[in-house]
Amino acid sequence: SDTVVLDPSTKSEDIERTSESASVLPLDPFHLREGLQSEKQLQELRDRKNGKKLHNYYARQNNLIVSLLKSMEEHTNEARHEEDAARLPVKIAVWASLIANLTLCALQMYAAISALSLSLLATGIDSVFDIGSNVLLLWLHRKAESLDSKKWPVGGARLETIGNIIYGFLMSSVNLVVIVESVRDLITHTNGSVKDFHLPSILAVASALFVKFVLFLYCFSLRKNSSQVHVLWEDHRNDLWINSFGILMSTGGSKLRWFLDPMGAIIIALGVIMAWGRTIYGQFELLAGKSAPHGVLQLLTYKSLTFSEEIERIDTVRAYHSGPDFFVEVDIVMDPKTPLWKAHDISEHLQGKIEALPNIERAFVHVDYETSHQPVRLPPFESLNRRVF
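Cut-offs and rules
- Note on numbering: residues in each chain are counted from 1, in written sequence order.
- Local features in this predicted model are restricted to residues of pLDDT 70 or higher, and side-chain atom pairs are both shown and tallied only at a pLDDT of 80 or more, whereas totals for entire chains, interfaces and linings draw on every residue.
- Only hydrogens and water are set aside when side-chain values are computed; all heavy atoms of the structure are taken into account.
- Here a patch means residues that are over 30% exposed by relative accessible area and free of salt bridges, tied together within 9 Å if like-charged and within 5 Å if nonpolar (Val, Leu, Ile, Met, Phe, Trp, Tyr).
- All accessible-area figures derive from a Shrake-Rupley calculation using a 1.4 Å probe, and residue coverage is judged against the displayed protein chains alone.
- Whenever Lys or Arg places a side-chain nitrogen within 4 Å of a carboxyl oxygen from Asp or Glu, that contact is recorded as a salt bridge.
- Starting at the N terminus, helices and strands are each numbered in turn, a helix being any DSSP run of H or I of at least four residues and a strand any DSSP run of E of at least two.
- For the exposure calls, accessible area comes from a 1.4 Å probe over protein chains only, and a residue counts as buried if that area is under 20% of its type's maximum, exposed if over 50%, partly exposed in between.
- Strands were regarded as paired on the criterion that DSSP finds at least two bridges between them.
- In this description, a line fitted to the C-alpha atoms serves as the axis of each element, helices being fitted only across the stretch in contact, and the angle between N-to-C directions of two axes falls anywhere from 0 to 180 degrees.
- Any two residues whose heavy atoms approach within 4.5 Å at even a single point are treated as in contact.
- Per-residue confidence from the prediction method is given by pLDDT, with values spanning 0 to 100.
- Nonpolar core, defined: a set of buried Ala, Val, Leu, Ile, Met, Phe, Trp, Tyr and Cys residues in which side-chain atoms within 4.5 Å join the residues together.
- Convention used here: angles under 35 degrees read as roughly parallel, angles over 145 as roughly antiparallel, angles from 65 to 115 as roughly perpendicular, and any remaining angle as oblique.
- Handedness of a crossing follows from how the near helix is turned relative to the far one, being left-handed for an anticlockwise turn of less than a right angle and right-handed for a clockwise one.

A. How the structure looks around a nonpolar patch on the surface. Residues Ile162, Ile166, Phe169, Leu170, Phe284 and Leu287 make up a contiguous nonpolar surface patch of about 530 Å² in total accessible area. Contributing elements (two or more residues each) for the nonpolar patch: α6 (157-188) and α9 (260-288). The topology assignment puts phenylalanine 284 in helix α9.

Written as structure tokens, this is what we have:
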């Protein structure tokens, strides 16, 4: 068997140090390793009739078990290596998007003005705001890194989230203007003839479409490494269908029916508003304290429970967004006779290990000696009344 039996007196710090050795497997007090499925077993499941769901379930379970059995140092080191490896590609994505958007803005505005097309105008306005997006994200990223910790003790991670919300509202407002102008054109248009077809305008927007597709593919692989790149990836994704639909409706307004062009502008503007509305909603969830994914809670619970033999059980584990990263609250239970210095050292060490994990901004570890109380946070006013009366 490849299961290693360690001395029960071995401390968690020693376990984590020895887990980095190739000859010693990490401690597995709950025998999670026995639940791992081999590649052969996974393939047999997949070969069954309708076995794809079973295969995917056990593949996810394998990934979870491997993640739980890794030491906290391994999680931290892997995240650090990924961040170091992605630093240059992320920088390239940000600057390439900025330079490309500057060029494409001029092309698309030329296309919209020369063709007098409302559909192409909608794509041109979107390209103008793409530049604003790049500049705003770049400025906020640098501002977040240079904030005074005395004035802003929680750091600047939320600045990028707030910037995304502001930018989304600006995009929605401008596209409302496009909708109004398009509706006005539909109402006041008296000449039923189609507009002149302007090939250079279509070619200009088509070239922008190709560049956006390349940037979309590049940012797609990096979207999980940076919130900046994730917003840029969403922006390039939106531009793909915006430019495609703009070309289609502008051409239709020149070749088929005149009203296709303003209708296309309305549809594009509504699509942009809905896409950014979704993004704004997601960013508000992060600021409002949305719970961390279930996998993060599982990892925090397991690592806290197996951190030290002095920890008898876990009372509560909470992890929630505070901007793009997580705040963590862990209530551990120790023996009532545990010396204060030992309880302090263990909880402080656990807090440091959790805060070193990827995407964890702050951790709070509370030590208790029983679990019979209700882990409820009273509102400040109600709590004050109970103390006074």
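B. Representation of the pattern of salt bridges. Overall, the coordinates contain 5 salt bridges when judged by the stated rule. One salt bridge in this structure joins lysine 353 and glutamate 73, with 2.0 Å as the shortest N-O distance. Pair noted here: lysine 353 is in helix α11 (residues 340-355) and glutamate 73 is in helix α4 (residues 72-115), with a separation of 280 residues, a long-range link. Note on glutamate 73: relative accessible area 21%, which makes it partly exposed. Close ionic contact of lysine 342 with glutamate 310 constitutes a salt bridge, the shortest N to O distance being 3.5 Å. Of the two residues, lysine 342 is situated in helix α11 and glutamate 310 in the loop between α10 (294-305) and β1 (311-321); the sequence distance between them amounts to 32 residues. In this structure lysine 342 comes out as partly exposed when scored by relative accessible area, which is 26%. Among the residues examined, glutamate 310 registers a relative accessible area of 30% and is labelled partly exposed.

C. Here's a closer look at the sheet that holds strand β3 (residues 360-368). Strand order in the open sheet made by the 3 strands is β1-β2-β3, with mixed pairing throughout. Single-partner strands in this sheet number two, and they are β1 and β3. Taking the axes of each pair of neighbouring strands and ignoring which way they run, one obtains an average angle of 15° across the sheet. Its contacts with the sheet place α10 against β1 and β2 (326-334), and it is angled at close to 150° to β1. Along the sheet face, α11 touches β1, β2 and β3 and points at about 160° away from the line of β3.

D. A look at the confidence of the model for the protein. Residues at a pLDDT of 70 or more form 84% of the protein, whose mean pLDDT is 77. Across residues 1-23, where pLDDT falls below 50, the model places 28 contacts with residues more than four positions away in sequence or in other chains. Confidence drops under pLDDT 50 across residues 383-389; counting only partners more than four residues distant or on other chains, this segment forms 2 contacts.

E. Just the nonpolar core, in detail. Within the largest apolar cluster, 27 residues are counted, with the highest numbers of intra-cluster contacts made by Met171, Val178, Cys219, Val229, Val272 and Trp276. Those elements that place two or more of their residues in this core are α4, α5 (118-145), α6, α7 (199-220), α8 (227-255) and α9. With sequence-adjacent residues up to four places away left out, valine 272 is seen in contact with Asp126, Met171, Asn175, Trp241 and Ile242. Judged by nonpolar contacts, the second largest core, of 21 residues, contains Met72, Phe307, Ile311 and Val328.

F. Local environment of the environment of alanine 111. Its location among the elements puts alanine 111 in helix α4. Residue classification places alanine 111 among the buried residues on the basis of a relative accessible area of 0%. A C-alpha to C-alpha distance of 6.9 Å links alanine 111 and valine 205, two positions 94 residues apart in sequence. When neighbours within four sequence positions are excluded, alanine 111 is seen to be in contact with Leu120, Ser201, Ala204 and Val205.

G. Quick peek at the side chain of serine 322. Among the structural elements, serine 322 can be located in the loop between β1 and β2. Residues within four places of serine 322 in sequence aside, it is in contact with Arg158, Leu286, Phe327 and Glu361.

H. Structural view of the packing of helix α3 (residues 52-69) against α10. Axis separation between α3 and α10 bottoms out at 9 Å; the angle between their running directions is 40°. The orientation of α3 relative to α10 falls into the category oblique. At the point where α3 passes α10, the crossing takes the right-handed sense. Contacts between α3 and α10 involve Leu64, Ser67, Leu68 and Leu69 on the former and, on the latter, Gln298, Leu299, Tyr302 and Lys303.

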